[in-house]
Amino acid sequence: MQKIKLIKPYISYDEVSNELIDIFESGQFTKGKNVDLFIKELKEYTNAQHAFLTTSATTALTMCLKTLGIKAGDKVAVSDFSFPATANVVEDLGAIPVFIDVELETYNMSANELRKKIDSSFKAVIFVDALGNPSGINEIKQICQELNVPLIEDAACAIGSSVNGEKVGTIADLTCFSFHPRKLLTAGEGGAILTDNAKYAAWLQVKLNHGASGFKGKGLDFIDFGYNYRMSEIQALMGWKQVKKLDEIVSRRNLIADEYAQHIEPKGFNRQVVLSEVHHNIQSLIFTVPNGVSRDGLIDYLADQQIESTIGTYCLSASTYYQSRYNDIQNNSLWLENNTITLPCYDDVDVTRVTNSIIQFLN
Ligand SMILES: Cc1ncc(COP(=O)(O)O)c(C=O)c1O
């Protein structure tokens, strides 16, 4: 029986082979035309004024927090249903992640829960587009604007999603993408920061380049201290090759998701809710399992059938580390960690085989 994998990348060797030869022959492995092209493509695709490439979404998020001057003791509100990187970057700076519970339907930060905890002393809000779904971000943005607190969108999973026809990338003050292999667009590893704020962009331009700006004599002028979180030419080549394919990929993933839903929603599986103004990239196809059904048992059963699946994502406040440190578990988020399943979603996946296996398990 052939194994059905959870993920399949949307890039092949043939698509990059010619330019790869150029990179090796020129010896230009960093800061070359592929990086410039990927930045250009990202800006055109999202309509963002400024884009920066990084080594990952984690380093992108860290740089966003640094852009905002976040330091030890500062409070940052974070969506609780996410991958730990969302809170780790706050913790790493000695700042305090304040976990905000999520809506059971969209899996995203609840505006009501945010209002209960936030005040104008907070230095930022990190809203996560859970599994690529930006539903509810405008309500959170409204709260941030009322309190004058900057909004960072952890869109690690959300490239290709849009709200009211606008691509994710221009909604928040700062937006981060991930290009990890589980994402729709992968560069192996990698990330990006997008912003329309010229001041933030000018700061990032210098800081992401070791603090250099222009020249001093024959060398660079280091006007500040800085970092190297740069993406390589090979990664950037993989990246720009995929941008133009994104919309088509998103449409096809939505059709596959609909096909799954037709088979398993009547059995009590519920799909992640997407608000009407949102177009979801279906970065991960997630369902909640029916009441009384063991999610872990289902994952094991599917594995026996050579079908890969996994949990939705994590309740950050219930992780061993954050529970012991802050003891502030968020209930909806914990419920979602225990009751969601991610199913394989890509072009040639055998939906019937997966859904038949799920129905067999229920029986
Ligand atoms: C919501 C979210 N934020 C951040 C990250 C970290 O991304 P990266 O692996 O590119 O650092 C992930 C990774 O899956 C994620 O899902």
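Worth saying up front: this structure is predicted, and the values here are computed from it rather than measured.

S.K.: Kindly report on the overall build of the protein chain, identifying the contributing residues and their values.
M.R.: Within the protein chain, the secondary structure is distributed over 13 helices and 18 strands. Relative to its length of 363 residues, the protein chain is compact, with a C-alpha radius of gyration of 21 Å against a globular reference of 21 Å. Overall size of the protein chain, expressed as C-alpha extent along the three principal axes, is 75 × 55 × 35 Å. When each of the 363 residues of the protein chain is scored for burial, the buried share is 54%. In the protein chain, of all internal contacts separated by at least 6 residues, the share reaching a separation of at least 24 is 70%. Here the protein chain holds 33 positive side-chain charges and 44 negative ones, and the gap between their average locations is 5 Å.

S.K.: Which residues make up unusual backbone geometry, and what values go with them?
M.R.: Of note, the phi angle at leucine 131 is positive, near 50 degrees, even though the residue is not glycine. Position of leucine 131 among the secondary structure elements: in the loop between strand E5 (124-128) and helix H6 (137-147). Accessibility expressed as a relative area gives 7% for leucine 131, which makes it buried. Positioned with a positive phi, isoleucine 282 is a non-glycine residue whose angle comes to about 50 degrees.

S.K.: Could you give an account of the site of the ligand, with specific residues and numbers?
M.R.: In the vicinity of the ligand lie 14 residues, with Ala57, Thr58, Asp154, Ser178 and Lys183 positioned nearest. Within the contact set of the ligand, an oxygen atom lies 2.5 Å away from a side-chain nitrogen or oxygen of threonine 58. A distance of 2.7 Å is found between an oxygen atom of the ligand and a side-chain nitrogen or oxygen belonging to serine 178. Within the complex, the protein chains bury 88% of what would otherwise be the 390 Å² of accessible surface of the ligand. At the level of secondary structure, the elements contributing two or more residues to the shell around the ligand comprise helix H3 (57-67) and helix H4 (85-92). Broken down by class, the residue content of the shell around the ligand amounts to 6 nonpolar, 6 polar and 2 charged.

S.K.: Tell me about the sheet that holds E5, and name the residues and values.
M.R.: The strand order E1-E10-E9-E6-E5-E2-E4 describes an open sheet built from 7 strands, whose pairing is mixed. Edge positions in the sheet fall to strand E1 (50-54) and strand E4 (96-100), since each of these pairs with one other strand and no more. On average, each strand axis in the sheet is tilted by 20 degrees relative to the strand beside it, whichever way the strands run. Here 3 bridges tie strand E6 (residues 151-154) to strand E9 (residues 174-178), and the two strands are oriented parallel to one another. The residue of E9 that forms the bridge with aspartate 154 is cysteine 176. H3 rests against E1, E5, E6, E9 and strand E10 (191-195) of the sheet, and its axis sits at about 165 degrees to E9.

S.K.: Account for the pattern of salt bridges, naming residues and giving values.
M.R.: Per the stated rule, a full pass over the model turns up 17 salt bridges. Of the charged contacts, one joins glutamate 308 and lysine 3 as a salt bridge, the two residues approaching to 3.6 Å between their closest N and O atoms. Of this pair, glutamate 308 sits in the loop between helix H10 (295-304) and strand E16 (310-311) while lysine 3 sits in the segment before helix H1 (13-26), and the two are 305 residues apart along the sequence. Where lysine 245 meets glutamate 15, a salt bridge forms, and the shortest distance between an N and an O atom there is 2.7 Å. Residue lysine 245 is located in the loop between helix H8 (233-243) and helix H9 (246-264), and its partner glutamate 15 is located in helix H1; the two are separated by 230 residues in the primary sequence. Judged by relative accessible area, which is 26%, lysine 245 ranks as partly exposed. Shared partners join several salt bridges into a network, and the residues in it are Glu248, Arg252 and Asp347.

S.K.: Before we move on, can you summarise the sheet that holds E16 with the specific residues and values?
M.R.: Pairing within the open sheet is antiparallel, and its 4 strands lie in the order E13-E15-E18-E16. Edge positions in the open sheet fall to strand E13 (270-271) and E16, since each of these has one partner strand only. Pairing of E13 with strand E15 (residues 285-288) involves 2 bridges; the strand directions are antiparallel. Residue pairing across strands places asparagine 270 opposite threonine 288, the latter belonging to E15. Most of the contacts of H9 go to E15, to which it runs at about 20 degrees, and overall it touches E13, E15 and strand E18 (340-343).

S.K.: Residues and numbers for the side chain of serine 357, please.
M.R.: Inspection of the secondary structure assignment puts serine 357 in helix H13 (residues 351-362). Setting aside residues no more than four positions away along its own chain, serine 357 makes contact with Tyr301, Leu302, Gln305 and Ile307.

S.K.: Can you break down a nonpolar patch on the surface residue by residue, with the values?
M.R.: Among the surface-exposed residues, Phe215, Leu220 and Phe222 lie close enough to one another that they form a single nonpolar patch of about 360 Å² accessible area. Among the structural elements, phenylalanine 215 can be located in strand E11 (residues 212-216).

S.K.: Residue-level account of the pairing of strand E2 (residues 75-79), with values.
M.R.: For E2, a buried count of 4 out of 5 residues is recorded, marking the element as mostly surrounded by other parts of the structure. In this sheet, E4 lies alongside E2 in parallel orientation, the contact comprising 5 bridges. When the sheet's bridge partners are listed, alanine 77 is paired in E4 with valine 98. Where E2 meets E5, 3 bridges bridge the pair, whose relative direction is parallel. Bridged to alanine 77 within E5 is valine 125.

S.K.: Outline the packing of aromatic side chains, supporting the account with residue identities and numerical values.
M.R.: Per the stated rule, a full pass over the model turns up 12 aromatic pairs. Here phenylalanine 99 and tyrosine 326 contribute two aromatic rings whose centre-to-centre distance is 6.1 Å and whose plane-to-plane angle is 70 degrees, an arrangement assigned as edge-to-face. Taken as a pair, phenylalanine 99 in strand E4 and tyrosine 326 in helix H11 (residues 320-326) lie far apart in primary sequence, 227 residues in all. Exposure remark for phenylalanine 99: the relative accessible area of 1% places this residue in the buried category. A centroid spacing of 4.9 Å and a plane angle of 80 degrees characterise the contact between tyrosine 321 and tyrosine 322, whose relative ring orientation is edge-to-face. Among the aromatic residues, those joined into a ring-pair cluster are Phe99, Tyr321, Tyr322 and Tyr326.

About the criteria used
Residues numbered from 1 in each chain as written. Predicted model: local features only at pLDDT ≥ 70, side-chain atom pairs only at ≥ 80, totals over all residues. Heavy atoms only, no water. Helix = DSSP H or I, 4+ residues; strand = E, 2+ residues; numbered from the N terminus. Rg over C-alpha atoms; globule rule 2.2 N^0.38 Å. Buried < 20%, exposed > 50% of the residue type's maximum accessible area, 1.4 Å probe, protein only. Contact = heavy atoms within 4.5 Å. Lys, Arg positive; Asp, Glu negative; His and termini not counted. Charge placed at Lys NZ, Arg CZ, Asp CG, Glu CD. Near = heavy atom within 4 Å. Polar contact = N/O pair within 3.5 Å; in protein donor to acceptor, adjacent residues only side chain to side chain. Areas by Shrake-Rupley, 256 points an atom, 1.4 Å probe, with all protein chains shown as cover. Nonpolar A, V, L, I, M, F, W, Y, C, P; charged D, E, K, R; others polar. Pairing = 2+ DSSP bridges. Axes fitted to C-alpha atoms, helices over the stretch in contact; angles between N-to-C directions. Salt bridge = Lys/Arg side-chain N within 4 Å of Asp/Glu carboxyl O. Patch = residues over 30% accessible without salt bridge, like charges linked within 9 Å, V, L, I, M, F, W, Y side chains within 5 Å. Phe/Tyr/Trp six-rings, centres within 6.5 Å; stacked < 30°, edge-to-face > 60°.

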